[in-house]
Amino acid sequence: MYDPAQLRTFLAVAQTLSFTRAARRLGLRQSTVSQHVRRLEDAVGRQLFLRDTHSVELTEGGEAMLGFARRILAAHEQAAAFFTGTRVRGRLRFGASEDFVLTRLPEILEGFRYDHPEVDLELTVELSGTLHEQLANGQLDLVLAKRRPQDPRGALVWHDDLVWVGAERLRLDPDRPVPLIVYPPPGITRALALEALERQGRPWRIVCTSGSLNGLIAAARAGLGVMAHSRGLVPPGLFRVPERAGLPELGRVDFVLVHGRVRASARDAADALAAAILAGGERLHRRGG
């Protein structure tokens with residue numbers, strides 16, 4: 001029912017929020033990109049993008065199509081690999097940020113290993129900032145992490161708001177510095193939290209630093225302070241800090257997949273894992289069992 005070429009074009013526009021950048025990424029003319037999107041919209045009977053001369057945004061139908069398109073393309077690629085007899089092989093060094101420790105990412109990785117048993121998968125769990133550094137240094141082939149502000153690289157998995165969270169009974173004293181629970185440098189969430197407080201002119205002090213999400217959660221549950229965290233991934237036992245506390249807005253954050261300078265032996269495996277993660281992207285919003 002849906003043309004894979006049109007679905008790939010739709011995903012490129014959804015990830016870049018630009019018909020021009022999508023055309024450049026796909027090596028197509030911008031008129032062809034517009035034509036693909038229009039034909040897909042005709043096929044589904046709904047508008048997928050709100051667009052004007054300045055911006056492109058997904059509609060509600062477009063948000064829904066994201067998940068469908070990813071799953072359809074993943075199934076298409078699996079079928080093509082099965083019937084052409086091609087098998088994905090090689091060593092793949094994959095990095096995932098601490099944000100995904102409590103999500104269903106392990107289920108996606110389990111499915112990938114079942115579908116591609118000849119891939120030697122090596123997983124690194126680290127801070128987003130550290131993963132980007134390792135990727136740049138050639139130590140990783142593929143990274144799933146938060147994107148640094150103003151960094152255009154990576155295939156968008158989803159946008160989310162950063163929010164302040166803490167223990168349910170935590171009360172902040174407006175006359176004292178904000179007690180912060182943070183990742184160590186070069187944590188992206190840490191940098192965004194400190195920048196927001198500095199812009200507001202709000203004094204702060206660090207009460208806990210941990211490179212482990214579980215360590216941060218333990219400190220927050222104990223009522224030591226507040227931490228900045230993705231709204232869609234708030235850990236159990238923690239709650240959003242109410243607006244009356246007067247903490248500054250933290251803005252939005254992108255979770256992306258970024259390919260490194262992939263070795264030839266890992267290219268197919270990296271592409272296959274990226275497709276699996278994009279196909280199951282909505283499962284990353286849910287906590288593991």
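Look up a bit, the structure's there.
Residues numbered from 1 in each chain as written. Predicted model: local features only at pLDDT ≥ 70, side-chain atom pairs only at ≥ 80, totals over all residues. Heavy atoms only, no water.

**Details of the packing of helix α1 (residues 4-16) against helix α2 (residues 19-26)**
Working step 1: The N-to-C vectors of α1 and α2 enclose an angle of 125°; their axes lie 8 Å apart at closest approach. The pairing of α1 with α2 is recorded here as oblique in orientation. The chirality of how α1 crosses α2 is right-handed. Between α1, through Arg 8, Thr 9, Ala 12, Val 13, Gln 15 and Thr 16, and α2, the contact on the second element is made entirely by Phe 19, Arg 21, Ala 22, Arg 25 and Leu 26.
Working step 2: The residue makeup of the contact of α1 with α2, split by class, is five nonpolar, three polar and three charged. (Axes fitted to C-alpha atoms, helices over the stretch in contact; angles between N-to-C directions. Helix = DSSP H or I, 4+ residues; strand = E, 2+ residues; numbered from the N terminus. Parallel < 35°, antiparallel > 145°, perpendicular 65-115°, else oblique. Left-handed = near helix turned anticlockwise from the far one by under 90°. Contact = heavy atoms within 4.5 Å. Nonpolar A, V, L, I, M, F, W, Y, C, P; charged D, E, K, R; others polar.)

**Re unusual backbone geometry**
Working step 1: With omega at 5°, the peptide bond leading from Pro 185 into Pro 186 counts as cis.
Working step 2: Mapped onto the elements of the fold, Pro 186 is located in the loop between β7 (178-182) and α7 (188-200).

**Examining the pattern of salt bridges**
Working step 1: A full pass over the atoms with the stated rule returns eight salt bridges.
Working step 2: Among the ionic pairs, Arg 231 bridges to Asp 161, the shortest N-O distance being 3.4 Å. Separated by 70 residues along the polypeptide, Arg 231 in the loop between β9 (227-230) and β10 (239-240) and Asp 161 in strand β6 (residues 155-166) bring together distant segments of the chain.
Working step 3: According to the relative accessible area criterion, Asp 161 is partly exposed, its value standing at 24%.
Working step 4: When the shortest N-O distance is used, the salt bridge between Asp 161 and Arg 252 registers 3.5 Å. With Asp 161 in strand β6 and Arg 252 in strand β11 (residues 252-259), this residue pair connects regions lying 91 residues apart in the sequence.
Working step 5: What makes Arg 252 exposed here is its relative accessible area of 55%.
Working step 6: Bridged by salt links that share partners, the residues Asp 161, Arg 231 and Arg 252 form one connected network. (Salt bridge = Lys/Arg side-chain N within 4 Å of Asp/Glu carboxyl O. Buried < 20%, exposed > 50% of the residue type's maximum accessible area, 1.4 Å probe, protein only.)

**Some points on the environment of Gln 139**
Working step 1: Position of Gln 139 among the secondary structure elements: in the loop between α6 (128-136) and β5 (142-146).
Working step 2: Separated by 70 residues in the primary sequence, Gln 139 and Thr 209 have C-alpha atoms spaced 25 Å apart.
Working step 3: When residues no more than four places from it in sequence are discounted, the contact partners of Gln 139 are Arg 93 and Gln 134.

**Side note on the pairing of β9**
Working step 1: Residues Met 227 and His 229 point to one face of β9 and Ala 228 and Ser 230 to the other, with burial holding for every one of them.
Working step 2: In the sheet, β6 pairs with β9 via four bridges, with the strands oriented antiparallel. Among the inter-strand pairings, Trp 164 is bridged to a residue of β9, identified as Ala 228. (Pairing = 2+ DSSP bridges.)

**Comments concerning the environment of Arg 93**
Working step 1: Inspection of the secondary structure assignment puts Arg 93 in strand β3 (residues 90-97).
Working step 2: Judged by relative accessible area, which is 11%, Arg 93 ranks as buried.
Working step 3: In sequence terms Arg 93 and Leu 273 are 180 residues apart; their C-alpha atoms lie 11 Å from each other.
Working step 4: Beyond its immediate stretch of four places on either side in the chain, Arg 93 contacts Glu 122, Gly 138, Gln 139, Leu 140, Asp 141, Leu 142 and Arg 263.

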